Amino acid sequence: MSRTYLVTGTSSGIGKATAERLRARGHTVIGADLKGADIEADLSTAEGRVTLVARAAELTGGRLDAVVACAGTAAFDPVTIKVNHFGAVATLEGLRPLLAAAEAPRAVVISSVASVHPADDALVEAALSGDEDAAVATAQAAVDRGEGRVIYGSSKQSIARWVRRTAITEDWAAVGITLNAIAPGTIVTPMTRPMIDNPEMRAVVDSAVPMPLNGHAAPEQVAPLLEWLTGAENTHVTGQVVFIDGGADAVLRGEGSW
Ligand code: NAD
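Residues numbered from 1 in each chain as written. Predicted model: local features only at pLDDT ≥ 70, side-chain atom pairs only at ≥ 80, totals over all residues. Heavy atoms only, no water.

Participant: Talk me through empty space enclosed by the protein; I want residue IDs and the actual numbers.
Facilitator: The method is simple in principle: a probe with the dimensions of a water molecule rolls over the atoms, and the space it marks as empty is what remains. Counting across every chain of the model gives one cavity of 30 Å³ or more. Its volume calculated, the largest cavity comes out at about 70 Å³. Taken together, 13 residues make up the lining of the largest cavity; nearest its centre are A69, C70, A71, A88 and V109. Elements represented by at least two residues in the lining of the largest cavity include exactly α3 (79-100) and β5 (106-110). Sorting elements by how many residues they give to the lining of the largest cavity places α3 first, with five residues. Residues of the lining of the largest cavity, tallied by class, amount to eight nonpolar, four polar and one charged. (1 Å grid on protein atoms, 1.4 Å probe; cavity = no way out; pocket = protein on both sides within 12 Å on 5 of 7 lines; lining within 4 Å. Points joined across faces, edges and corners; volume = space filled by probe spheres on them. Helix = DSSP H or I, 4+ residues; strand = E, 2+ residues; numbered from the N terminus. Nonpolar A, V, L, I, M, F, W, Y, C, P; charged D, E, K, R; others polar.)

Participant: Summarise the sheet that holds strand β1 (residues 4-8); cite the residues concerned and give the values.
Facilitator: Read across the open sheet, the seven strands follow the order β3-β2-β1-β4-β5-β6-β7; overall the sheet is parallel. The open sheet has two edge strands with one neighbour each: β3 (39-40) and β7 (241-244). (Pairing = 2+ DSSP bridges.)

Participant: Please provide a residue-by-residue account of the layout of surface pockets, values included.
Facilitator: The calculated volume of the largest pocket comes to roughly 1300 Å³. Sorting the residues of the lining of the largest pocket by element identifies α1 (13-24), β2 (28-33), α3, α6 (150-166) and α8 (199-208) as the ones contributing at least two each. Split by residue class, the lining of the largest pocket holds 27 nonpolar, 16 polar and four charged. In this model, the second largest pocket occupies a volume close to 220 Å³. Lining the second largest pocket are S115, V116, Q157, A160, R161, R164, Q240, V241, F243 and R253. Elements supplying a minimum of two residues to the lining of the second largest pocket: α6 and β7. For the lining of the second largest pocket, the leading source of residues is α6, giving four residues. Residues that form the lining of the second largest pocket fall into these classes: four nonpolar, three polar and three charged.

In structure tokens, the structure reads:
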């Protein structure tokens, strides 16, 4: 049955491949991105987040079957916590009333294997407390210490933890909306291509994200998982962070998650 999706980050990479896959299967996809999408909105800003939700309500008539929140950035800059955590939370919370009007509503957001790397705990806590100003100040302090690279993994840990605490609440599980995250390993997209093409950087990436099963993936290999998680068939998977990482999480954490 044809469903209506809102996918963020559709101008590139995983969001683009997901939108293409869903459209090819006859679904209606409303794309959102900074540019070149049905809804043009900057999810690092309050104005962009309001625009996203208002335009989505107009374009759908107030009912949305699924949300796939892909928009993200890996910049060593506070904008990364603004987009990857606060922009994603605003997308999911803002569109939740539209989801609640659907029969089989589903939502998913993209975390990362980087969520299991060492994080800036103060940044994660600031994000989880919902204090964007404090999170930005904490991220800026990391940049000032020369540790701006920690912001990305911290943003991916905070959004994964937000999913786990939020999915089981009255607003989500109790009204039948699944809410999950996926945690990809290294996916070859414009975000990672410059690192992968540089042999020294590639060695650093592969050491941080070891992928014994099939190595790096294409975005088209991630899209089917997003499709299933947000399809009507998924009746009971919620609050999960599903690693699609060629085994990286198992290498890095072993049995440690138990
Ligand atoms: P990408 O750079 O190809 O695509 C990201 C998209 O997000 C772009 O179209 C960009 O314009 C959009 N975006 C960025 N900032 C935005 C903003 N402020 N407002 C609205 N849109 C914005 O990257 P990708 O690899 O496809 O990444 C998609 C998601 O997957 C991201 O959340 C990323 O962190 C995550 N991820 C990627 C990898 C990987 O190896 N590529 C691994 C783990 C997680």
